[in-house]
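Coordinates in review
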Amino acid sequence: MKKSHSDALIGWGLMAPAMLFLIAFTHWPAIASIIESVYSTPRARRPSSFVGLDNYEQILADPVFWQSFTNNLWFAVGTIPASIFLAILMALWVNDRIPGRTFARMAYFTPTVLPMIAVANIWLFFFTPQYGLLDQVMGLIGRPATNWLGTKDTALWAVIMVAVWKEAGFFMIFYLAALQGISPVLAEAASLEGASRWTFFRRVQFPLLMPTTLFVLINAVINAFRMVDHIIVMTRGGPDNATSLLLFYIYQVGFNFWDTAYAAALTVFMLVLLAGAAAIQYGWLERKVHYS
Amino acid sequence: MDRRRFLVATAASAALVRPSLAQGGPVKISFFYPIAVGGAVTRLVDNLAKEFNRLNPDVEVTPVYAGTYQETLVKVVTAHKSGTPPALSCLLSTDMFTMIDDDAVIPIDGFVKTPADKAWLSSFFPAFMANSQTGGKTWGIPFQRSTIVLYWNKEAFREAGLDPEKAPANWDEHLAFAQKLTKRDASGNVTQWGTQIPSTGFPYWLLQALALQAGDVLANSAGNRTTFNAPGVAAGLQYWLDLGQKHKAHAPGIVEWGTTPKDFFERKTAMMWTTTGNLSNVRANAKFPFGVAMLPEQKRRGSPTGGGNLMISKKVSPEQQQAAFRFARWLTEPEIAAQWSIDTGYVAVSPAAYDTARMKSYAQEFPPALVARDQLEHATAELSTHENQRVTKALTDNVQAALSGSKTVQAALNDAQTEAERILRPYR
């Protein structure tokens, strides 16, 4: 009895430093956002007052919010499957014994190491009409110049492309590690059985990669709602909100308009959204995942 | 020394240092400033602060580069809310109402005591004071101010059979020139556009110039009522849209503010509308002879002013405010203002700066340096309202919608006006 008591004490003691930071920088801000979201924004001449769910009603009636939300869904749809697909492809490729393997691995991983702000500035020039890289290539095959970031139809896809390019290399690392962990015995057995490369991937490698896929998927979903750096550099949400994502909109409301209460309500909405996504993934998908 | 003793010793020395500061060391102030144009601006500002500190041993100014204008405002307001703002900051003159509404700034008038101070306060170009004063008080000191000017490529003009020394004087000429200057290759793809008016970053600023030329302003001077759907504003936006959509002399859709000077250097556009703050940048990077002119006129000439004012924070000690005022006053003395203008391309803030010897010799060697100043008599205040960021976003979004073809000009401007009305109603 006495021993378990002191064990618990030591346990809590060991957890305390990490907990302190978590509470100060994660839990408390989340709770503070919830509290702030039911008050009005304090102004110099109008102190803050309790407004109940007014800020949430404002969310429902806010067209820019809905556009950011839809944009964000498209952004997720555009980035998650594409970057996971590319990551698996690249991982399989550099997992084989090919000449220049180390170089290929490094090349694929490079985008992840570069700071997003620098990357976005480089892509800004890729997308520049007329003399940008993309248009120069298009010019070679006789296509007219396109204003990639300045046209409502292409702007969102342009920023999705940057995100996929940035993310795929990062996810590749996880897949590569998982592939290295698959026992070579399985590959030998499969080749003895005469299984084709595709069957081996579909029946053996892919199922064994499922835990990694789940992990990557969760990260990809979070990232789809978390990436704003390149939006700030490349489009500032424009043209006419065509590339405004949720977090970028929250930043705008919070730090450009200083409507902190409304920004808090938007933050709570996003927290709930992400918590929901994580719950689905851990609760439902995880049961379908095969841990070897 | 074990850790406990070390802590005690540190605490004791900190306790010793503090009172000594209060008892007469130099007054320490920090100065937050943004950079919005090319060039080695941080070095220039550091040198200015160093020079001031040398001349004024009782004050110690620490300049802090704070990012873009937008980021600087975010930092200043955040610091104000946490109670430790910089004593002096350089912010967009249009953020005046935002700073007043947050109770973050104090008027300059309280520091202006001697006749010399008063002469200094009335020495600025009146066009710059419009965005610096409201309610009978002066809130900002003009520092790095600008207007929009037209840059043209003289070589391209010659190739197109135009007089390379003559800029378009009015809208019709500007359109006709732009059409002549637009070059297409054999398959009909454009290799050089005639003109370029950028539409990211500050599209409302460019629209304001067009609206002024067509005879209308965007907002009242109290900053609580906008006129976004006035006929002149619509005429301006229509002209802008038609340059690209109808006359095919301007790149279609939204044109990036940041790459516009580069488009000009790369000969992808023969004319461009941008800030005079880019003058030194263009001078350094254009590989062809270029000209600088006032913007073309329609009913009248016109360009809004732009750029940054110096503002003194409310939540610092009176000694720090006084020191900030002295630094700001020194920065805007004719000699310093002239040098600042020469180094960056910004308009020097007072007529006296243009009478200094160094400015006169610079203008002789490089006459375009005077164009922006001459345009000032046609200039008006930049769009500035309460909740400025929100109101300008309403306009910016809709201008972009019209230029990218998803709304008609009138519908876009009506939407912008409705949204601005909703935001500004509480401020009347």
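Cut-offs used in this document
- Residues numbered from 1 in each chain as written.
- Chains lettered and ligands numbered in written order.
- Predicted model: local features only at pLDDT ≥ 70, side-chain atom pairs only at ≥ 80, totals over all residues.
- Heavy atoms only, no water.
- Helix = DSSP H or I, 4+ residues; strand = E, 2+ residues; numbered from the N terminus.
- Rg over C-alpha atoms; globule rule 2.2 N^0.38 Å.
- Buried < 20%, exposed > 50% of the residue type's maximum accessible area, 1.4 Å probe, protein only.
- Areas by Shrake-Rupley, 256 points an atom, 1.4 Å probe, with all protein chains shown as cover.
- Lys, Arg positive; Asp, Glu negative; His and termini not counted.
- Charge placed at Lys NZ, Arg CZ, Asp CG, Glu CD.
- Contact = heavy atoms within 4.5 Å.
- Buried area = accessible area lost by both parts, 1.4 Å probe.
- Salt bridge = Lys/Arg side-chain N within 4 Å of Asp/Glu carboxyl O.
- Polar contact = N/O pair within 3.5 Å; in protein donor to acceptor, adjacent residues only side chain to side chain.
- Nonpolar A, V, L, I, M, F, W, Y, C, P; charged D, E, K, R; others polar.
- Axes fitted to C-alpha atoms, helices over the stretch in contact; angles between N-to-C directions.
- Parallel < 35°, antiparallel > 145°, perpendicular 65-115°, else oblique.
- Left-handed = near helix turned anticlockwise from the far one by under 90°.
- Phe/Tyr/Trp six-rings, centres within 6.5 Å; stacked < 30°, edge-to-face > 60°.
- Lys NZ or Arg CZ within 6 Å of the ring centre and 35° of its normal.
- Core = buried A, V, L, I, M, F, W, Y, C linked by side-chain atoms within 4.5 Å.
- Domains from an automatic or database assignment.
- Pairing = 2+ DSSP bridges.
- pLDDT = per-residue confidence, 0-100.

1. Looking at the overall build of chain B
Scanning chain B from terminus to terminus reveals 19 helices and 13 strands. Taken over the C-alpha trace, chain B has a radius of gyration of 24 Å; the compact-globule value for 428 residues is 22 Å, and the two agree within 12%. Taken along the three principal axes of its C-alpha coordinates, chain B extends 80 × 55 × 50 Å. When each of the 428 residues of chain B is scored for burial, the buried share is 58%. Accessible area for chain B stands at about 17100 Å²; split by element, carbon and sulfur atoms hold 54% of it. In chain B, 44 side chains carry a positive charge and 39 a negative one; their mean positions are 4 Å apart.

2. Remarks on the overall build of chain A
A count of helices and strands for chain A gives 13 helices and 0 strands. Secondary structure elements of chain A occur, N-terminal to C-terminal, as α-α-α-α-α-α-α-α-α-α-α-α-α. Counting across all 292 residues of chain A, residues that qualify as buried make up 40%. Across chain A, every contact between residues at least 6 apart in sequence was considered, and the portion connecting residues at least 24 apart equals 70%.

3. Quick look at the interface of chain A and chain B
Taken together, the contact between chain A and chain B spans 29 residues of the former and 33 residues of the latter. Counting the surface lost from both chain A and chain B, the interface buries some 2600 Å², and carbon and sulfur atoms represent 51% of this. The largest per-residue losses of area from chain A upon contact with chain B belong to Gln130, Tyr131 and Trp258 of chain A, which jointly make up 26% of the total buried on that side. Across the chain A-chain B interface, the total number found is 1 salt bridge. Between the two partners, chain A and chain B, sit 8 residue pairs in polar contact (both at pLDDT 80 or more). At 5 residues, the largest contribution of residues to the side of chain A that touches chain B is made by helix α12 (residues 246-256) of chain A. Tallied by class, the residues present in the side of chain A that touches chain B amount to 12 nonpolar, 9 polar and 8 charged.

4. Digging into the packing of helix α4 (residues 101-113) of chain A against helix α7 (residues 152-181) of chain A
All names here are of chain A. With their axes 6 Å apart at the nearest point, α4 and α7 run at an angle of 130 degrees to one another. In terms of their interaxial angle, α4 and α7 are classed as oblique. Regarding α4 and α7, the two cross each other, and that crossing is left-handed. Contacts from Arg105, Tyr108, Phe109, Pro111 and Thr112 in α4 reach Trp165, Lys166, Gly169, Phe170, Met172, Ile173, Leu176 and Gln180 in α7. Considering only residue class, the contact of α4 with α7 consists of 8 nonpolar, 3 polar and 2 charged.

5. A look at the packing of aromatic side chains
For the structure shown, the criterion picks out 40 aromatic pairs over all chains. Centroid distance Phe201 of chain A to Phe206 of chain A: 5.7 Å. Interplanar angle 50 degrees. Geometry classified as tilted. What makes Phe206 of chain A partly exposed here is its relative accessible area of 32%. What links up through ring pairs into an aromatic cluster is the set Phe31, Tyr33, Phe52, Tyr65, Phe327 and Trp330 of chain B. Positioned over the ring face of Phe366 of chain B is Arg283 of chain B, at 4.1 Å from the centre of the ring. Above the ring of Tyr354 of chain B, the side-chain terminus of Arg373 of chain B is found at 4.9 Å from the ring centroid.

6. Concerning the side chain of Asp95 of chain B
Residues and elements named next belong to chain B. Tracing the backbone through its elements, the reader meets Asp95 in the loop between β3 (88-92) and α4 (96-101). Comment: no salt bridge for buried Asp95; closest opposite-charge side chain is Arg145, at 11 Å. One polar contact links Asp95 to Gln389, side chain to side chain, over a distance of 3.4 Å.

7. Quick notes on the nonpolar core
Residues and elements named next belong to chain B. Counting residues in hydrophobic clusters, the biggest one holds 69 residues, and the most contacted among them are Phe31, Tyr151, Phe290 and Leu310. A per-element tally of this core places helix α13 (residues 318-331) first, with 7 residues. Both domains that furnish three or more residues to this core are identified here as domain 1 (24-146 + 306-369) and domain 2 (147-304 + 382-427).

8. Here we look at the domain arrangement of chain B
All names here are of chain B. In terms of domain boundaries, chain B breaks down into domain 1 (24-146 + 306-369) and domain 2 (147-304 + 382-427). One C-alpha centre belongs to domain 1, the other to domain 2; they are set 28 Å apart. With 25 residues of domain 1 in contact, the opposing surface of domain 2 contributes 24 residues. Three residues stand out in domain 1 for area buried against domain 2, namely Thr94, Phe97 and Ser146, and they jointly supply 27% of the buried area on that side. A salt bridge links Glu365 to Arg283, with the nearest nitrogen and oxygen atoms 3.3 Å apart.

9. Thoughts on the pairing of strand β11 (residues 290-293) of chain B
All names here are of chain B. Side chains Phe290 and Val292 of β11 all project onto a buried face; the interleaved residues Gly291 and Ala293 project onto the opposite face, where all are buried too. Relative to β11, strand β7 (residues 141-153) runs antiparallel, the two being bridged by 4 bridges. In the strand pairing of β11, Trp152 is matched with Gly291.

10. Some points on the packing of helix α18 (residues 388-403) of chain B against helix α19 (residues 409-424) of chain B
Residue and element names in this part refer to chain B. Their axes nearest at 9 Å, the elements α18 and α19 cross at an angle of 170 degrees. Considering their axes alone, α18 and α19 lie roughly antiparallel with respect to each other. On α19, the residues that touch Arg390, Val391, Ala394, Leu395, Asn398 and Ala402 of α18 are Val409, Ala412, Leu413, Asp415, Ala416, Glu419, Ala420, Ile423 and Leu424. Classifying every residue of the contact of α18 with α19 gives 11 nonpolar, 1 polar and 3 charged.

11. Here we look at the pattern of salt bridges
Taken as a whole and assessed by the stated rule, the structure comprises 21 salt bridges over all chains. Linking Glu51 of chain B and Arg54 of chain B is a salt bridge whose minimum nitrogen-to-oxygen distance equals 3.0 Å. With Glu51 of chain B and Arg54 of chain B both in helix α2 (residues 41-55), this residue pair falls 3 residues apart, about one helical turn. Taking relative accessible area as the criterion, Glu51 of chain B reaches 31% and is therefore assigned partly exposed. Ionic pairing is found between Arg329 of chain B and Asp117 of chain B, a salt bridge with its closest N-O pair at 2.4 Å. Taken together, the positions of Arg329 of chain B in helix α13 and Asp117 of chain B in helix α5 (residues 115-121) put the pair 212 residues apart, joining distant regions of the chain. Given a relative accessible area of 19%, Arg329 of chain B falls into the buried group. Of the residues examined, Asp117 of chain B reaches a relative accessible area of 9% and is grouped as buried. Here the residues in one salt-bridge network are Asp259 of chain A together with Glu387 and Arg390 of chain B, joined through shared partners.

12. Topic: the confidence of the model for chain B
Residues and elements named next belong to chain B. Averaged over chain B, the pLDDT score is 89; the fraction of residues at 70 or greater is 94%. pLDDT under 50 marks residues 1-22. Its contacts with residues more than four places away, or in other chains, come to 3 contacts. At the level of chain-chain contacts, confidence expressed as ipTM amounts to 0.72, with global pTM at 0.81.

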